[in-house]
Amino acid sequence: MLSEIIQAISGNLKFCLRNNETFFVDGCHISGNTIKFIDAVDGIEYEKVLDEIDLITFADFTIPNRSDLDNIKSFMEANIDDHIKNNNIFEELLHKCNEYKKIFNEQSINRIKEAVLDCNTSELDKLNILECRQVISLENCSQNEASLITTLYINLIDRKLNKALRELDQYITDMNDVEFEQEANIIRKDLIDNVNDFKRSINNIDFKDLFDNWPTLLNPSPFNIHV
């Protein structure tokens, strides 16, 4: 019946398919129990067996039942508002996928589609802040991946520190005041010491708690963590 449903809604309703991968379908052709389609995110043509795949839509009254299939035109006309909503949500999700695709490497596309479809992009946003170009599961990563993330985390801290020091130097120049410069140099030392202390202690932080920790004098954390 899935093949009949897809044939009935194709061209009117936008939808995704999912098995061990996630697909944003852009036009399809069904032959028997096999579907051939283009994925709208990666532009690749796929051929899948419908017995092994799930159909995903984004609003009510988007999947016709057996009786609806007998008069699909009436089904479409009666539920037009839901179908417009469905297609708009699909386009919004597709846009998000394409934005993340600009950030991460080609090997990460399926993880991007999976995260966007599940409305669970917090890890993608964290990785983007770290300037990581590979999508890595922060909850289930290898030792090498954890090491990479920790290194990128330290690099980010260094960038934030350098930015803070540059701003401090600019304040000193603008103020042109000896007393202010003395106070600013104390702040400079405190910032550097605080970051160095944090970096020395980072190996004692459980990886799962890494994003909950940040040098206190560099607050606010770019991950919106209150520490």
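Parameters at a glance
- Residues numbered from 1 in each chain as written.
- Predicted model: local features only at pLDDT ≥ 70, side-chain atom pairs only at ≥ 80, totals over all residues.
- Heavy atoms only, no water.
- Helix = DSSP H or I, 4+ residues; strand = E, 2+ residues; numbered from the N terminus.
- Buried < 20%, exposed > 50% of the residue type's maximum accessible area, 1.4 Å probe, protein only.
- Axes fitted to C-alpha atoms, helices over the stretch in contact; angles between N-to-C directions.
- Left-handed = near helix turned anticlockwise from the far one by under 90°.
- Contact = heavy atoms within 4.5 Å.
- Nonpolar A, V, L, I, M, F, W, Y, C, P; charged D, E, K, R; others polar.
- Polar contact = N/O pair within 3.5 Å; in protein donor to acceptor, adjacent residues only side chain to side chain.
- Salt bridge = Lys/Arg side-chain N within 4 Å of Asp/Glu carboxyl O.
- Parallel < 35°, antiparallel > 145°, perpendicular 65-115°, else oblique.
- Pairing = 2+ DSSP bridges.

Draft legend 1. Up close: unusual backbone geometry. Asn219 connects to Pro220 through a cis peptide bond whose omega is 5 degrees. Topologically, Pro220 is positioned in the segment after helix 8 (178-201). The residue Phe61 is not glycine, and still its phi comes out positive at about 55 degrees. For Phe61, a relative accessible area of 53% corresponds to the exposed category.

Draft legend 2. Spotlight on the packing of helix 4 (residues 80-103) against helix 5 (residues 109-117). Contact geometry of helix 4 with helix 5 gives a least axis separation of 9 Å together with a crossing angle of 140 degrees. When the axes of helix 4 and helix 5 are compared, the crossing they make is right-handed. Within the contact between the two elements, helix 4 uses Leu93, Lys96, Cys97, Tyr100 and Lys101 and helix 5 uses Ile109, Ile112, Lys113, Val116 and Leu117. Looking at the contact of helix 4 with helix 5 residue by residue, the classes come out as seven nonpolar, no polar and three charged.

Draft legend 3. Representation of the side chain of Thr22 in the model. Here Thr22 is to be found in strand 2 (residues 22-31). Judged by relative accessible area, Thr22 falls into the buried class, the value being 2%. At 3.1 Å, the side chain of Thr22 and the side chain of Arg18 are in polar contact. Leaving out residues up to four positions away in the same chain, Thr22 has contacts with Leu17, Asp39, Asn110, Lys113, Glu114 and Leu117.

Draft legend 4. How the structure looks around the pattern of salt bridges. Applying the stated criterion to the full structure yields 14 salt bridges. Note that Glu47 and Lys36 form a salt bridge whose closest N and O atoms lie 3.9 Å from each other. With Glu47 in strand 4 (residues 45-49) and Lys36 in strand 3 (residues 34-39), the pair connects residues that are 11 residues apart, well separated along the chain. The partner of Lys208 in a salt bridge is Asp209, and the shortest N-O contact between them spans 3.4 Å. Given the relative accessible area of 64%, Lys208 is considered exposed. One continuous salt-bridge network, built from bridges that share partners, spans Asp39, Asp42 and Lys113.

Draft legend 5. Focus on helix 5. Considered for burial, the residues of helix 5 that qualify are Ile109, Ile112, Lys113, Ala115, Val116 and Leu117. The secondary structure elements touched by the buried residues of helix 5 are strand 1 (16-18), strand 2, strand 3, strand 5 (54-56), helix 4 and helix 6 (122-129). Cys119 lies just past helix 5 and shows a positive phi near 55 degrees.

Draft legend 6. Representation of the environment of Leu152 in the model. Looking at the secondary structure, you find Leu152 in helix 7 (residues 143-175). Here the alpha-carbon distance between Leu152 and Ile202, two residues 50 residues apart in the chain, equals 12 Å. Excluding its chain neighbours within four sequence positions, the residues that come into contact with Leu152 are Leu130 and Cys132.

Draft legend 7. Region of interest: the packing of helix 7 against helix 8. Following both chains from N to C, one finds helix 7 and helix 8 inclined at 175 degrees, their axes separated by 10 Å at the closest point. As far as their axial angle goes, helix 8 and helix 7 are roughly antiparallel. Counting all contacts with helix 7, which are made through Tyr153, Ile154, Ile157, Asp158, Leu161, Ala164, Leu165, Leu168, Asp169, Tyr171, Ile172 and Met175, the residues of helix 8 involved are Phe180, Glu181, Ala184, Asn185, Ile187, Arg188, Leu191, Ile192, Val195, Phe198 and Lys199. Of the residues assigned to the contact of helix 7 with helix 8, the class counts are 17 nonpolar, one polar and five charged.

Draft legend 8. Region of the structure containing the sheet that holds strand 5. Read across the open sheet, the five strands follow the order 4-3-2-1-5; overall the sheet is antiparallel. Since the sheet does not close on itself, it has two edges, and those belong to strand 4 and strand 5, each with one partner. Going from strand to strand, the sheet's axes swing by 45 degrees on average, the running direction of each strand aside. The sheet contact formed by strand 1 and strand 2 spans three bridges and is antiparallel. Bridging from a neighbouring strand, Leu17 pairs with Phe23 of strand 2.

Draft legend 9. Summary view of the environment of Ala164. Within the secondary structure layout, Ala164 lies in helix 7. Note: C-alpha distance between Ala164 and Asn105 (59 residues apart in sequence) is 30 Å. With residues up to four places along the chain from it excluded, the contact list for Ala164 reads Leu191 and Leu218.

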